[in-house]
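Residue-level listing of the chains:
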Amino acid sequence: MNYSEIYSLHIQLLKAYAANNNGGYSAYQREINHYRDQLRYAEDIVQRIFVLNQLVKLHEKEREDMMKWCTEQYFSRTHDYNESPDGNIG
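Trainee: For this particular structure, what's the right way to read the environment of L9?
Mentor: Mapped onto the elements, L9 comes out in helix α1 (residues 3-21). Since its relative accessible area comes to 42%, L9 is described here as partly exposed. Residues L9 and I49, 40 residues apart in the sequence, show an inter-C-alpha distance of 9.8 Å.

Trainee: Looking at this structure, I do not really get the packing of α1 against helix α3 (residues 45-75). What am I missing?
Mentor: Any two packed helices are characterised by the angle at which their axes cross and by the distance between the axes. The interhelical angle for the contact between α1 and α3, taken along N-to-C directions, is 30°, at an axis separation of 10 Å. Looking at the two axes, α1 sits roughly parallel to α3. As α1 runs across α3, the sense of the crossing is left-handed. Contacts between α1 and α3 involve Y3, S4, I6, Y7, H10, I11, L13, L14 and Y17 from the former and I45, V46, R48, I49, L52, N53, L55, V56, H59, E60 and R63 from the latter. Broken down by class, the residue content of the contact of α1 with α3 amounts to 13 nonpolar, 4 polar and 3 charged.

Trainee: Looking at this structure, I do not really get the nonpolar core. What am I missing?
Mentor: The tendency in soluble globular proteins is for nonpolar side chains to be buried as a group. L14, Y17, Y28, I32, L39, V51, L52, L55, V56 and L58 together form the largest nonpolar core, which totals 10 residues. Counting residues per element, this core draws most heavily on α3, which supplies 5 residues. If we ignore the near neighbours within four places in the chain, the residues touching L55 are L14, I32, Y35 and R36.

Trainee: Looking at this structure, how should I read the packing of aromatic side chains?
Mentor: Two aromatic rings, taken as a pair, are described by how far apart their centres are and by the angle between their planes. Under the defined criterion, the tally for this structure stands at 1 aromatic pair. Ring centres of Y74 and F75 lie 4.9 Å apart, and the angle between their planes is 85°; this geometry places the pair in the edge-to-face category. Here Y74 falls in the partly exposed class, since its relative accessible area comes to 36%. A residue is classified by how much of its surface remains accessible, and F75, at 56% relative accessible area, is exposed.

About the thresholds
Residues numbered from 1 in each chain as written. Predicted model: local features only at pLDDT ≥ 70, side-chain atom pairs only at ≥ 80, totals over all residues. Heavy atoms only, no water. Helix = DSSP H or I, 4+ residues; strand = E, 2+ residues; numbered from the N terminus. Buried < 20%, exposed > 50% of the residue type's maximum accessible area, 1.4 Å probe, protein only. Axes fitted to C-alpha atoms, helices over the stretch in contact; angles between N-to-C directions. Parallel < 35°, antiparallel > 145°, perpendicular 65-115°, else oblique. Left-handed = near helix turned anticlockwise from the far one by under 90°. Contact = heavy atoms within 4.5 Å. Nonpolar A, V, L, I, M, F, W, Y, C, P; charged D, E, K, R; others polar. Core = buried A, V, L, I, M, F, W, Y, C linked by side-chain atoms within 4.5 Å. Phe/Tyr/Trp six-rings, centres within 6.5 Å; stacked < 30°, edge-to-face > 60°.

Note that all results are geometric; they support no functional claim without further evidence.
Have a look at this one:
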């Protein structure tokens, strides 16, 4: 895999994150804006890939925070396992 293919994959992934964000404000928006600005000043493809990778990491961190919040919300409910015949929820 060459640098052009890696660059293209990063762009595709960031487009997918942007599509799922629906224009909403990110908790990491300040850092995202910083790296978007840095992308303008990157001189070669290796630097651009590094900056794009930082953006991907921020989006993944945001998704991880959302998943953690959803899990906490789901499991914060109190369930009485004694009411279930097999001891499972549902």
